[in-house]
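Structure assessment
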Amino acid sequence: MFTLLRLRACVLWRQRLFSFAVSNTLRKSIGTVDNSVTIGDIKVDKPPRGDAPHLVPNLPSRLRAFEVNASLPPCHLSHLRWMLQKDLILGQDFLLLGSPSLARDRRHLVLLYASLLGREIEWMSISKDTSEADLKQRKEISNNGTKYVNQAPVRAAIHGRLLILDGLEKSERNVMPTLNNLLENRELPLDDGSMLVSPDVYDVHKIGISVHPDFRVAALASLSDGESASLDPPLRSRFQARLASAVNVGDMLVSTSARSSGKLETKTMKDLVQMAGELSQGVNVESLHDAVRYLEKHQHSVAPRAALNAHGMNISGEMIGVDDLVTLLETDEYESPKENAPHFIETKTTKAIQDLIISCFESGERAVAIVGPKGCYKSAVARNLAHSMGEKCELLSVHPDMTARDLLMTRGTCAESGDTIWVETSLTRAARMGTWVILDGIDKLRSDTLTSLALLMEQGFVVLPDASRFQADDKFRCIAIGQPRGEKSWITPEVKPMFHWIEAESLPSDELRVILMQMFPSLKRKVLNKILALQERLEEIAVDGVMEKESLQLSMRKMKHICRRVEQRPSELGDIVHNTLMTSFLPDWERGIVEKCLSQCQIVTNSRANNISSDWMEKILESCKRTATNPLLVPNPRFEENPGQSRVMVDILEAHSVGEKALLICGYQGVGKNKIVDYALHLMHCEREYLQLHRDTTIQSLMLVPSVENGRIVYHDSPLIKAAAHGRILVLDEADKAPVEVVALLKGLIEDGQLSLPDGRMLCHGGTSSDHIISIHEDFSIWALANPAGYPFHGNDLSREMADVFSCHIVPPMDAESHKRILLSYGENVHPRVIDKIVKTWEDLRVAHRHGLMIYPFSVRESCSVVKHLNAFPDDGIEDAVENVIAFDRLDRGLSKHLDEVFGGHGIHFSKEEYAVKKRSGHNEGVSTPKTRASSPKHGQTDPNNAPHVGGNTWAGGTGGSDTAGLGGRGGPYRLDSGHPVHQVSDEMKAQVSDEAKRRAKEIAKEALEKKLEELNMGKLDWKRYNNLRTQVEEQIVQLKSHLKYLERRSEERVWMKNQTTGELDENRIADALSGERDVFKRRGNPDDANNNALQSEPITIKLIVDISASMYRFNGYDQRLQRLLEATLMMMEGLRDDKRFRFHIVGHNGSSAKIPLVNPDTKLDEATELRVLEGMVANTQYTYAGDNTVEAIEMAVKEATRGELIIIISDANLERYDINVDDLAPLQAHDVHAHLIFIGSLGDEANELASSIPNERAQICFQSSDLPLIIKKIVIDALRQ
C-alpha cells in the first residue's frame, strides 16, 4: 500500500512539474472553466457548440474524466495543444502523422481533443474504395425521383464540424484532391447543382451554401520509418502537419500507473512497461492500458510478456496461447456450468482457448482474433462459446472483394417503392443489438479494408455508409478468425491494436483421440491409432512454407473425413488417406513423403478389387435413393458401365451415404468426372442444380442473380439457393476456374451452416424459414468438380485452399480394361485389334505424362474421338484419326518427336510431309505456293510490326516464301523463326532452286555464322562443342521454358478493377447505378493498377550449387557424372536466360574452396558465356586438389539465403571417405528455403543409403544422364508453384 501511495504521489509531482514548465501561472494541463477550455498555455473562450450534441464523442477508450490530466503523457498534451492552436486559433486544417504502429494513439488523441472541446465530428475511414461520391454527395432514389444525400465532408462543412479523415494515405491516387478547393478556398461544387462557398463569398453575393467558419479538417496518416509522406503535393500543401512520435518509457509508466486500479505490484508494472518500451516501432499507450487492465485481472495466470503479445505489442508476431497459461484462468462467467453446443466435444485445449476469449471480454475488450491453421477448431470453439454463454451469434464470412462499406451495409432497393435502401450486415446488427458476431476469414481482407473497422473495434463507435452512426452496445462482442500467412503477414502494425490476439495450435494427439473416439464410436482402435500416428508423422515433416505444410498435414477436418469413411470400410484406410491428401496431384517429393509416412505407420494402400459386389452396390444405392419431385432435374446421361469408373462412383456414394455434405471430385480432363456424377445422381433419383464456374464468376453471382425490373432491383435465387432450400445436390462444375475466394466462401455454409446473402437474407441450418431466413434442407449437398492445379491446367489451386472442407475423391486415368470397354461401345465398326492398339498407345502416353516427358495428359476423351472417327470413316485410317487430337502439338518439335516415338512404337506412323500437304485440297492452311522465283538469297527486311508474311521474298522471318531467311520456304540462306505458324513449301518447289542460288545461300549462311561467332567470341570448334552439349538437353530446356512461360502467364493474369467509369456493370453496384453514380463499372486490368492492394512480386532467387571437385573428373569415365552435371547446368542457364523474374546464381565447390562463384544475376548469359562457365567447371575438376567441401557449401548457401530461395545442390556421393554422414547434412531441412540435394554418382551403394536416410525427400538419386535435367525441372517447378 505504501508503494502505491508513493507511486501516485510521483505521478502528481511529475504532472505539476510539467505544467509549471509550460506556464508558471497554470496549475492544470487541461482545464475547463465556464465556457472556456485551456490546454497547456492555450486558452479558448467559448469554443464552437453545434446543435447536435450527440455528434460530440464521449471520452475515448474508457477514459474517465478525472484520469485525463493524471494519465496524459506530456507529448500527448503538446499534440492536443497544437491541435487547439491550428483549429480554433489559426483556423488551419491539420494532419497528424506517425508510425503505422501508433495509429490507435492518433485516433485516441483526435477523439479526445473533440471530446474536450465539445466539437461535433464527422468521421471518414479512408480506403482504396473511397470514391468521389463518398467525399461529396451520394444519389438515392426516393419517391420515384432522385435525391442527393450529403456525405461527411459536406455535412461537416455546412454545420461547422470537425471532419476527421482517418488513413489519408490509403486512398487511391487522384481521389482525395476532390477536396483540394474545399480545403484551400472553402468552395466545392456539388452534384445536385448547388455549391459550397466560403463565408466571405456568401456574405457578399448571397449565393450558394455557406461553409461554416468553424469547419475544420483533422487528418490522420501513417508514415513508415525512412519515408516521406506520399501525398499528392497539392493536397499535402493544404495541411499543417505534426509528427506524433512514440511515448518514452518514463511517461508510459506514469500514464499506465495513473489509469491502473493499483492491483499490480510496482515491479510488475515497471517490467511490463520496460518490455513494451523495447519495441523499436513504438507502442500505443492505449494498447498498453488494455494490457495492464488484462494483467490486473489475470496476473496469476498470465505472464506480463504474454499480456503484451495478446495486445499486439511484439516484434515477431507472437500471440497469447494455451502454453502461456501459468495456471487455469478463472473467469466470472464460468461460475456456473453451462452446456456445450450439440456435437461439440470439449478438451483441455479448447477449454483453455474459450477461457482466453472470455478473459479478454471480461477485461473490457470487445474484439478478439483467433489465428491458427486451417481445420483446427477455431470456428467450432467460437460457435460453442457463444452457445454456452447463451449469446446470439451470427456469422459474417469475408472475402477479398469486400469493401469497407460491404462490411457494414449493403445497398439495394425497396421491393414495394423501388427506393434505394441500406441493409445492415450481421456485423452492424450485432453492434447495434449487443450480440456476438464471428468474422471468418479476416486474413483475406486488404489491410485498408480491415483497418476501416478500427473505430468500431477500439472505441465501439460505428459510422455507417447511410450517414447514420451509433455507439455499439456494451454487450457487443466480435470473434475474428484468420490463418497465419507467413512472410507477408496480414497482421500489419495498424491491425495489431484492433484485436486481442490468441494463437490456436493443432490439438495434441491425446485430445484428438478423445474427440475422434466420441465422434466415431464404431471406429476400430487399431485403425484410429494408425491415423493418429500418421498425423504425428506428417506434423513432424520439415517443409518450406505454410502452404506446403498444410497440403501435407492431417487437420482435424481431414481426420473427420477419414474416420467417417473408415468407420464403415477400415480396410481402405490407405486409399482414403491418399484421396484426402490428394497425393496423386502432389509434387513427386511431397508424394514420396506421404508414402514413406504411410509405410512407417503400417498403413497399406490396398486398392479395391476390380469387381465390386453387386449386393454392396445395391446396398449403397438404396441408402442414397430419393424420391424426385421434379424428374426434369434428374440427369439421364449415356454411361457405359466399367470397373474403373464404377469404383469411383461407389467411393462417392459411400461418402454421401455416411453424411458427407460436400465432395470435391478431382481429376484430369476427359476422365469422366461429369459422367460419373450424373450417372450416380441418376441411380439415386436425385434432383440436381448445376453451376458452371469460370474466371468471371463472382460471389454475388454464386448466391443471387440480380436484375432491374420496373426500376427495382429484384434478386433471383441462384442454383445454390434453390438447392439449399429444396434439398437438392448442387454440382459446381469447373470449380477450379473461379477465383478461389468465390468457392472458399462456401466454407461458412458447409462448416458453420450460415451464409449471409447480398439481399439481407440468410441461409442457415435449423432456422425457421421466413422473409429473412432460408432454412437449409437436410438433404442439401455440394459436389464440386475440378482439375488439378498446375500446368497445363489454367485453374486455381482449389485443393490447397478448400480440400479440408470437402471430402476429396480422385478420378484416376482409365485402366486398360475399362478403357477398352468404353471404346468398344463407341466403335461397333472398328476392329478389336485397332481398339487394343489405341488402348496400349494411350497407356504409354499416360506413363510419359506421369514421368514428366509430356505435359498434356491425353485422356479417354481423345481416344473416344479417335474411335468415333474410325467408326464413321474407316477408310481414313488410324493415322488421320489420331492427327485430329495431336495437331495441337505438331509445331512443338520436341513434343512432336516424343509423340512420333510413342505412336510409332505401336505401328502408327506419321509422315511429316504428309502432315503438311495431304488431304488439304481446297485449303491452304500449312501449305504455301511461293509468289516469286528463288534466285537471289538474302536476309530480307525486318518488319517492325512483326506481322506474318507468307509466300513472298521481301521480309526476314516469313514462311513458305523464297530467298529470305525464314522457315518452311526455299532458297533462303538460313532459318529464322519469328514466332508465326509455318507454311511449308513442297519438295517439288524446293527442287526448282538453281545450284547457283543454293551456293550463294550457303555462302551467306557461312558469313552469318562467322559473324555470330565473332559477336560471341567463339570459334567454330567452340560452337560445335556447345551445340553438341545443348542438343542433349534440348527437349528438357523446351519443357522448362514451357512451364516457366505458364507461370509468367499466371503472374500477369489480369484482375477485375472496380470503381471504374467504363467497362462492365458491377453487379454489386446495381443500386448505385440506379441512383446515377458513375463509378459503378468494372474492367479487366493489370494487378498493379487494380484496387486489390497487390504487391509487385520480388524476383525469385535460384542457386545452383555444383560439385566441381576432383572426384567428378576422376569417375566421369565410370558413370558419366561430370557429363550429367554439365547438361543440368546448361539446362538451367538456358531455361532461365533473360528471365527477369529470377535471380540466378551458380556456385561451385571443390577441395580448395566451399564457394566458387560461376554465375551471378548480373552475368549476361549467351552461348559464349555459357560455354566458358561449363569449361571452367571442367577445368576445376581437372586441376583442383582432392578434398570435399559439400557440407560447408550447403551450410554457406542456406545461411546466406533469404526466405523462399531455391537451392539445388548437385554432387556425387563420395562423402564417406571424408567422414561425412547424414547429420552433417541437416541444413537441408531449413524451413525458410527450398533446399534439395541430388546425387549423380556413387561408388557402391553409398548414394542410396544417404538419400534414404535424409528426411523429407530432400535428397534424390540420378544415375541416368537423361533423367537429371528432368529431376531439376521438377524441383524448380514444384518450388515455384508455392
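Conventions and cut-offs
- Residues numbered from 1 in each chain as written.
- Predicted model: local features only at pLDDT ≥ 70, side-chain atom pairs only at ≥ 80, totals over all residues.
- Heavy atoms only, no water.
- Salt bridge = Lys/Arg side-chain N within 4 Å of Asp/Glu carboxyl O.
- Helix = DSSP H or I, 4+ residues; strand = E, 2+ residues; numbered from the N terminus.
- Buried < 20%, exposed > 50% of the residue type's maximum accessible area, 1.4 Å probe, protein only.
- Pairing = 2+ DSSP bridges.
- Axes fitted to C-alpha atoms, helices over the stretch in contact; angles between N-to-C directions.
- Expected span 1.5 Å × (residues − 1).

In this section: the pattern of salt bridges. The tally for this structure, following the rule as stated, stands at 63 salt bridges. The partner of arginine 161 in a salt bridge is glutamate 120, and the shortest N-O contact between them spans 3.0 Å. Here arginine 161, found in the loop between helix H6 (152-159) and strand S8 (162-166), pairs with glutamate 120, found in the loop between helix H4 (103-117) and strand S5 (121-125); they are 41 residues apart in sequence, far enough to count as distant. Residue glutamate 120 is classed as buried on the basis of its relative accessible area of 5%.

Unusually for a residue other than glycine, asparagine 174 sits at a positive phi of about 65°. Although it is not a glycine, histidine 343 adopts a positive phi angle of roughly 70°. Among the structural elements, histidine 343 can be located in the loop between helix H13 (304-310) and helix H14 (348-362). In this structure histidine 343 comes out as exposed when scored by relative accessible area, which is 80%.

Ordered by their spatial adjacency, six strands build an open sheet running S40-S39-S38-S41-S42-S43, and the pairing between neighbours is mixed. Edge positions in the open sheet fall to strand S40 (1156-1159) and strand S43 (1259-1261), since each of these has one partner strand only. Geometrically, the sheet is characterised by an average inter-axis angle of 25° between neighbouring strands, direction not taken into account. Note: strand S41 (residues 1206-1211) against strand S42 (residues 1234-1239), six bridges, orientation parallel. Its bridge partner being in S42, leucine 1206 is matched across the sheet by histidine 1234.

For helix H25 (residues 588-600), which comprises 13 residues, the first-to-last C-alpha distance of 18 Å matches the rise-based estimate of 18 Å (1.5 Å per residue) to within 8%. Those residues of H25 lying buried are Trp589, Glu590, Gly592, Ile593, Val594, Cys597 and Leu598. A positive phi of about 60° marks glutamine 602, the residue just after H25.

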